[in-house]
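The primary structure of each chain is shown beneath.
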Amino acid sequence: MPIIHQTGAQEQRQTDNRAGLSTLLVERLSFSYRDGFQALKEVSLQIAPGEKVALVGPNGAGKSTLMLHLNGLLQGNGVIEIAGLPVVKENLPVIRGKVGMVFQNPDDQLFSPTVFEDVAFGPLHMGLPEAEIRQQVTQALSQVGMGGFEDRLSHHLSLGQKKRVAIATVLSMNPEILALDEPSAGLDPRARWSLINLLRELPLTMLVSSHDMLMVRELFPRIIIMDEGRVAADGETAVLLADAALLETHGLERP
Ligand SMILES: Nc1ncnc2c1ncn2[C@@H]1O[C@H](COP(=O)(O)OP(=O)(O)OP(=O)(O)O)[C@@H](O)[C@H]1O
Ligand SMILES: [Mg+2]
């Protein structure tokens, strides 16, 4: 992946797009919240199948706003495609099966009484047989180190436990793409490292927003920097992290 600062490589992106090479395509996406605040300004990016990309940038850059567009929870102006499928109303049921979205705040994700019911929610709505649902739930909880928590009350868990269960709620659906909004925030060191190892091993396409630059360096070969609603830089992690001026401009720390 070549480094792309601001502009450039547009032609290459369009060629890749026509060749159907991207799993996630966002083109000139702009979005304003109801109060008129423009949170996204002509955001374009492409992610190839299996690619793991970190989304970084200061508070208020628009990272969460962008994520919420990927499965149609917000709708702006521009084009978004998941595996060639436009993110429009009639495709949302299929798209929500493909994109596992983990929100920044786990309280937005967990709404069932028990951990089991939260993690079983997706597979249940996909119509899987009960034995398969149980197996998916067990596997997803064990992947996030929360095996044995099935009967606990979701809203009584600690923040880090909630984050882990929130990730399990999407893993249980076997998504093709993971869109994780600050997955390591609030995790203790052991949980953080097991999350890093889990994400490293999962052979899925990922877009992961994070302020955890150590995790970014460890896990993601490519970084997209957002600032003030725009893509400010998009390129190889090693190259961007070596650019002290770029990091300083966008309020980022070198890990
Ligand atoms: N519901 C809303 N109504 C109006 N403005 C909003 C709303 N939600 C977010 N914003 C604004 O949109 C901008 C982008 O917010 P967003 O949450 O996408 O940033 P972020 O990059 O995810 O930040 P953080 O690192 O703090 O998670 C911010 O200026 C924020 O104040
Ligand atoms: Mg955010």
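Everything here concerns the structure above.
Residues numbered from 1 in each chain as written. Chains lettered and ligands numbered in written order. Predicted model: local features only at pLDDT ≥ 70, side-chain atom pairs only at ≥ 80, totals over all residues. Heavy atoms only, no water.

Side note on the overall build of the chain
Counting its secondary structure elements, the chain contains 10 helices and 11 strands. For the chain, the C-alpha radius of gyration of 18 Å lies close to 18 Å, the compact-globule estimate for 255 residues. Referenced to the eigenvectors of the C-alpha coordinate spread, the extents of the chain come out at roughly 50 × 40 × 35 Å. Across the 255 residues that make up the chain, the buried fraction comes to 52%. With the model as given, the accessible surface of the chain reaches about 12100 Å², and the carbon-plus-sulfur share is 52%. Seen as two clouds, the 22 positive and the 30 negative side-chain charges of the chain have centres 1 Å apart. (Helix = DSSP H or I, 4+ residues; strand = E, 2+ residues; numbered from the N terminus. Rg over C-alpha atoms; globule rule 2.2 N^0.38 Å. Buried < 20%, exposed > 50% of the residue type's maximum accessible area, 1.4 Å probe, protein only. Areas by Shrake-Rupley, 256 points an atom, 1.4 Å probe, with all protein chains shown as cover. Lys, Arg positive; Asp, Glu negative; His and termini not counted. Charge placed at Lys NZ, Arg CZ, Asp CG, Glu CD.)

Points about the packing of helix α5 (residues 130–143) against helix α6 (residues 159–171)
Contact pair α5 / α6: the axes reach a minimum separation of 8 Å and the direction vectors enclose 140°. It follows that α5 is oblique to α6 by the angle criterion. Crossing handedness for the pair α5 and α6: right-handed. Where α5 approaches α6, its residues A140, L141 and Q143 are matched on the opposing element by V165, A168 and L171. (Axes fitted to C-alpha atoms, helices over the stretch in contact; angles between N-to-C directions. Parallel < 35°, antiparallel > 145°, perpendicular 65-115°, else oblique. Left-handed = near helix turned anticlockwise from the far one by under 90°. Contact = heavy atoms within 4.5 Å.)

Things to note about the packing of helix α4 (residues 115–125) against α5
Working note: a packed helix pair is described by the angle between its axes plus the distance between those axes. The interhelical angle for the contact between α4 and α5, taken along N-to-C directions, is 120°, at an axis separation of 9 Å. By the angle between their axes, α4 is oblique relative to α5. The handedness of the crossing between α4 and α5 is right-handed. Each of V115, F116, V119, A120, P123 and L124 in α4 lies in contact with α5, whose residues at this interface are I133, R134, Q136, V137, A140 and L141. Classifying every residue of the contact of α4 with α5 gives 10 nonpolar, one polar and one charged. (Nonpolar A, V, L, I, M, F, W, Y, C, P; charged D, E, K, R; others polar.)

Describing the site of ligand 1
Of all residues adjacent to ligand 1, which total 15 residues, the nearest are N59, G60, K63, T65 and H211. Here an oxygen atom of ligand 1 sits 2.9 Å away from a polar atom, N or O, in the main chain of G62. Residue H211 places a side-chain N or O atom 2.7 Å away from an oxygen atom belonging to ligand 1. The element contributing the most residues to the shell around ligand 1 is helix α2 (residues 63–69), with three residues. Grouping the constituent residues of the shell around ligand 1 by class yields five nonpolar, seven polar and three charged. (Near = heavy atom within 4 Å. Polar contact = N/O pair within 3.5 Å; in protein donor to acceptor, adjacent residues only side chain to side chain.)

Focus on the packing of aromatic side chains
We describe a pair of aromatic rings using the distance from one ring centre to the other and the angle between the two ring planes. Evaluated as defined, the whole model comprises two aromatic pairs. Relative to Y33, the ring of F31 has its centre 4.9 Å away and its plane inclined at 85°; by these criteria the two rings are edge-to-face. Assessed through its relative accessible area of 10%, F31 is described here as buried. For Y33, a relative accessible area of 32% corresponds to the partly exposed category. (Phe/Tyr/Trp six-rings, centres within 6.5 Å; stacked < 30°, edge-to-face > 60°.)

Comments concerning the coordination of the magnesium ion (ligand 2)
Protein coordination at the magnesium ion (ligand 2): the donors are S64 (OG) and Q104 (OE1), at 2.0 to 2.3 Å from the metal. Here S64 is found in helix α2, whereas its partner Q104 is found in the loop between β7 (99–102) and α4, with 40 residues between them in sequence. On the basis of relative accessible area, Q104 is assigned to the partly exposed category, the value being 38%. (Donors = N, O, S within 2.8 Å, 3.2 Å for Na, K, Ca; no water.)

Here we look at helix α7 (residues 189–201)
The end-to-end C-alpha distance of α7, which contains 13 residues, comes to 18 Å, matching closely the 18 Å that a straight helix rising 1.5 Å per residue would cover. Looking only at α7, the buried set comprises A191, R192, L195, I196, L198 and L199. For α7, the angular spread of buried residues about the axis comes to 165°, placing them on one side. Across from the buried face of α7, at angles greater than 90 degrees, the exposed residues are P189, R190 and E201. In this fold, the buried residues of α7 make contact with β4 (52–56), α5, α6, β8 (177–181), β9 (205–209) and α8 (213–219). (Expected span 1.5 Å × (residues − 1). Arc of directions from axis to C-beta.)

Section: the nonpolar core
One finds L178 and I225 to be the most contacted residues of the largest nonpolar core, which totals 48 residues. Among the elements that line this core, the one with the most residues is α6, at six residues. Residues within four places of L178 in sequence aside, it is in contact with G100, V170, L171, L199, L202, L204, T205, M206 and L207. Grouped together as the second largest cluster of nonpolar side chains are 29 residues, V26, L40, V99 and I177 included. (Core = buried A, V, L, I, M, F, W, Y, C linked by side-chain atoms within 4.5 Å.)

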